[in-house]
Structures are given as structure tokens and as C-alpha cells.
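Here is what each chain is made of, one letter per residue.
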Amino acid sequence: QVQLVESGGGLVQAGGSLRVSCEASGRTFSYYAMGWFRQAPGKEREFVAAISGSGGYRKYADSVKGRFTISRDNAKNTVYLQMNSLKSEDTAVYYCASYRTAAIVGSVNVWGQGTQVTVSS
């Protein structure tokens, strides 16, 4: 059974940095693209970033380009989201998710439980 477990969320001041991690188990990690999504209070869940199974292709939402970096370590079955220059509007629960293939296409089909990121202004 596939499991995704996020960690690393917390409280940070505006302008600061934070890295969240997501460790996967139960499948061959490198076979699947991974993504980060977030949901702020009262808003719908939105796409943040994604990375292909090999790590060679990355995709970002316009709102985080230049500030966030997604990466993965296939030997550790872990995907990371490095968040710099954080803004109050980045406050949300951050979820990692797995795509159905190694390419960033289609929808995700496995979700983690989420980790809270709060940016104070």
C-alpha cells in the first residue's frame, strides 16, 4: 500500500525560508512523478510544483516561480519543497501527491496527510 508522509511544516516569518519533505513507501518511487499542492483556509486546493520521476523536469505555479524549488532524492524515496522569500499568502496546508506515471501528466492519485505552513507578517 502506498503511503506519503509529509514533515517539516511550521511557523516562519515573512521573508523567511522553510523546507518541507515527503517520504514515500510501498512502491518504486522513481517510477512516479510527484507534486506539491496547498490549501489555504476557505480556498480550494491548488497546484504548487511537480517533478518528474527522474527529476529531470519540473513545473511550478506562477505564484511560486523563483521562490520555491522542488527536488527529489530517489535513493531516499523523498521529495522536497524548498520555500524561500515566504509571504503571508503562502500560508496553507501543504500536501504531497503522486502522479500515475513518471511524467507530470494527468491527475494525482495518492495524497499525503498534509503539513501546516504558517507565514507571519
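## Points about the nonpolar core
Burial of nonpolar side chains together is a common tendency in soluble globular proteins.
Here is step 1: If you look at the biggest cluster of nonpolar residues, it comprises 27 residues, and the most contacted ones within it are W36, V48, F68, V79, L81, M83 and Y94.
Here is step 2: Among the secondary structure elements, those contributing two or more residues to this core are β3 (18–25), β4 (34–39), β5 (46–51), β7 (68–73), β8 (78–83), β9 (92–99) and β11 (115–120).
Here is step 3: With four residues, β3 is the largest single contributor of residues to this core.
Here is step 4: If sequence neighbours within four positions are ignored, V79 has contacts with V20, S21, C22, F29, M34, W36, I51, I70, S71 and R72.
Here is step 5: Within the second largest apolar cluster, seven residues are counted, among which are A33, A50, A97 and I104.

## So, the side chain of S21
Here is step 1: As for its position among the elements, S21 is in strand β3.
Here is step 2: Non-local contacts of S21, meaning those with residues more than four positions away in its chain, are made with V5, E6, S7, W36, T78, V79 and Y80.

## A few points about the state of the cysteines
Here is step 1: Taken as a whole and judged by the stated rule, the model has one disulfide.
Here is step 2: At a sulfur-sulfur separation of 1.9 Å, the disulfide partner of C22 is C96. Placement of the pair is C22 in strand β3 and C96 in strand β9, with a sequence separation of 74 residues.
Here is step 3: What makes C22 buried here is its relative accessible area of 0%.

## Quick word on the pattern of salt bridges
Here is step 1: Within this structure, the stated rule accounts for four salt bridges.
Here is step 2: Its salt-bridge partner being R38, residue D90 comes within 2.9 Å of it at the nearest N-O pair. Of this pair, D90 sits in the loop between β8 and β9 while R38 is found in strand β4, placing the two residues 52 residues apart along the sequence.
Here is step 3: A residue is classified by how much of its surface remains accessible, and R38, at 6% relative accessible area, is buried.
Here is step 4: Salt bridges sharing partners connect three or more residues here, namely R38, E46, R67 and D90.

Cut-off values and rules
Residues numbered from 1 in each chain as written. Predicted model: local features only at pLDDT ≥ 70, side-chain atom pairs only at ≥ 80, totals over all residues. Heavy atoms only, no water. Core = buried A, V, L, I, M, F, W, Y, C linked by side-chain atoms within 4.5 Å. Buried < 20%, exposed > 50% of the residue type's maximum accessible area, 1.4 Å probe, protein only. Helix = DSSP H or I, 4+ residues; strand = E, 2+ residues; numbered from the N terminus. Contact = heavy atoms within 4.5 Å. Disulfide = S-S within 2.5 Å. Salt bridge = Lys/Arg side-chain N within 4 Å of Asp/Glu carboxyl O.

Worth remembering: the numbers are spatial, not functional.
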